[in-house]
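A closer look at the structure
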Amino acid sequence: MSDLINVILLGIVEGITEFLPISSTGHLLIAEKFGLGARSDLFNVGIQAGAILAVTFIYWNRIWQLFTQWRDPANRDYLAKLIVAFLITAVLGFIAVKLGFKLPEAVTPVAWALVIGGVWMLAAERLAARQPDRSEVTWRVAILVGIAQMIAGIFPGTSRSAATIFTAMLAGTSNRAAATEFAFLVGIPTMYAASGYELLKVVKEGGVHEDWTALIVGFLVSGIVGFIAVKWLLGYIRSHRFTPFAIYRIVLGIALLLLVPAGA
């Protein structure tokens, strides 16, 4: 029973943090280090898939529109930018993985990433507020968002959503809602691909020895909580800034640096 509670809590953590700009990897690592227990790579992939599926449902109408009305110039242009951003992330990410360029998933580097990312979010929000309100996604935005996703992937604690949303805002899509939509839409295929890659790697290495009940429970909890969290976020950003998330990251990061021994 206690393990099932831990699984549910991990699903809640993943569902809340996957698309909020506060780093799901960092929070799962912290949760595991501070009492919820380390889990298999397959389990982590499974609960991440739950959150991705939830966001897919939220944006299903928009996704359907893009693929069924691609003859419309605006839809075709937007879809092309999504594809290019995804391909940039995929190619650069594959190269980074092959070169072994990825920071260890340890508490100290994650804490620093939380602090640095929080400071960057505060600065980026302030700079974006000085720009005219623009909802258009340019090619520059698409290219830089693709690069930002790759960078977030190799620096645990950075937060993929934070990196992509604020890169889009600084690169020209200053409207928070428009920047968030593009960041989330390009994140859907990226995260499906990353989850599929991790799953294939686990199967190839013969590591499929899993508590399937725990995996299914974690997947369902993550999906339900993720749906609620993203729905709330999309409503929140219509009239609020991301400042509370930035402050939370900085406070959490500093607390971890003070509480956890260096190198842990």
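Analysis parameters
Residues numbered from 1 in each chain as written. Predicted model: local features only at pLDDT ≥ 70, side-chain atom pairs only at ≥ 80, totals over all residues. Heavy atoms only, no water. UniProt positions renumbered as here; feature names shortened; annotations may be inferred. 1 Å grid on protein atoms, 1.4 Å probe; cavity = no way out; pocket = protein on both sides within 12 Å on 5 of 7 lines; lining within 4 Å. Points joined across faces, edges and corners; volume = space filled by probe spheres on them. Helix = DSSP H or I, 4+ residues; strand = E, 2+ residues; numbered from the N terminus. Nonpolar A, V, L, I, M, F, W, Y, C, P; charged D, E, K, R; others polar. Axes fitted to C-alpha atoms, helices over the stretch in contact; angles between N-to-C directions. Parallel < 35°, antiparallel > 145°, perpendicular 65-115°, else oblique. Left-handed = near helix turned anticlockwise from the far one by under 90°. Contact = heavy atoms within 4.5 Å.

- In the annotation of an unreviewed UniProt entry, the chain is listed under the name Undecaprenyl-diphosphatase and assigned to Dyella solisilvae.
- We quote the UniProt Subcellular location (unreviewed entry) comment for the chain here in full: "Cell membrane".
- You can read under Function (unreviewed entry) in the UniProt record for the chain the words "Catalyzes the dephosphorylation of undecaprenyl diphosphate (UPP). Confers resistance to bacitracin."

Looking at the layout of surface pockets
- Here the largest pocket is characterised by a volume of approximately 1,400 Å³.
- Forming the walls of the largest pocket are 47 residues, and the residues nearest its centre are Gln-48, Lys-102, Gly-153, Ala-194 and Glu-198.
- Top contributing element to the lining of the largest pocket by residue count: helix H9 (residues 176-204), with 8 residues.
- Each residue belonging to the lining of the largest pocket can be placed in one class, and the counts come to 20 nonpolar, 17 polar and 10 charged.
- In this structure, the second largest pocket encloses a volume near 300 Å³.
- Along the wall of the second largest pocket there are 17 residues; nearest its centre are Ile-116, Gly-117, Ile-151, Phe-155 and Thr-158.
- Elements with a contribution of two residues or more to the lining of the second largest pocket: helix H6 (107-129), helix H7 (139-154) and helix H8 (160-171).
- Top contributing element to the lining of the second largest pocket by residue count: H6, with 7 residues.
- Of the residues contributing to the lining of the second largest pocket, the split by class is 13 nonpolar, 3 polar and 1 charged.

Structural notes on the packing of H6 against H8
- With their axes 9 Å apart at the nearest point, H6 and H8 run at an angle of 25° to one another. Taken together, the axis directions place H6 and H8 in an arrangement best described as roughly parallel. For the pair H6 and H8, the crossing hand works out as left-handed. Of the residues in H8, those in contact with Trp-120, Met-121, Ala-124, Glu-125, Leu-127 and Ala-128 of H6 are Ala-162, Ala-163, Phe-166, Thr-167, Met-169 and Leu-170.

So, the UniProt feature "transmembrane region" (unreviewed entry) in the chain
- Summarizing the sequence annotation, UniProt attributes the feature "transmembrane region" (unreviewed entry) to residues 7-30, 42-61, 82-101, 107-125, 137-155, 212-234 and 246-263 in the numbering used throughout.
- A helix fraction of 75% and a strand fraction of 0% characterise residues 7-30, whose end C-alpha atoms lie 14 Å from each other.
- With 100% helix and 0% strand, residues 107-125 has end C-alpha atoms that lie 27 Å from one another.

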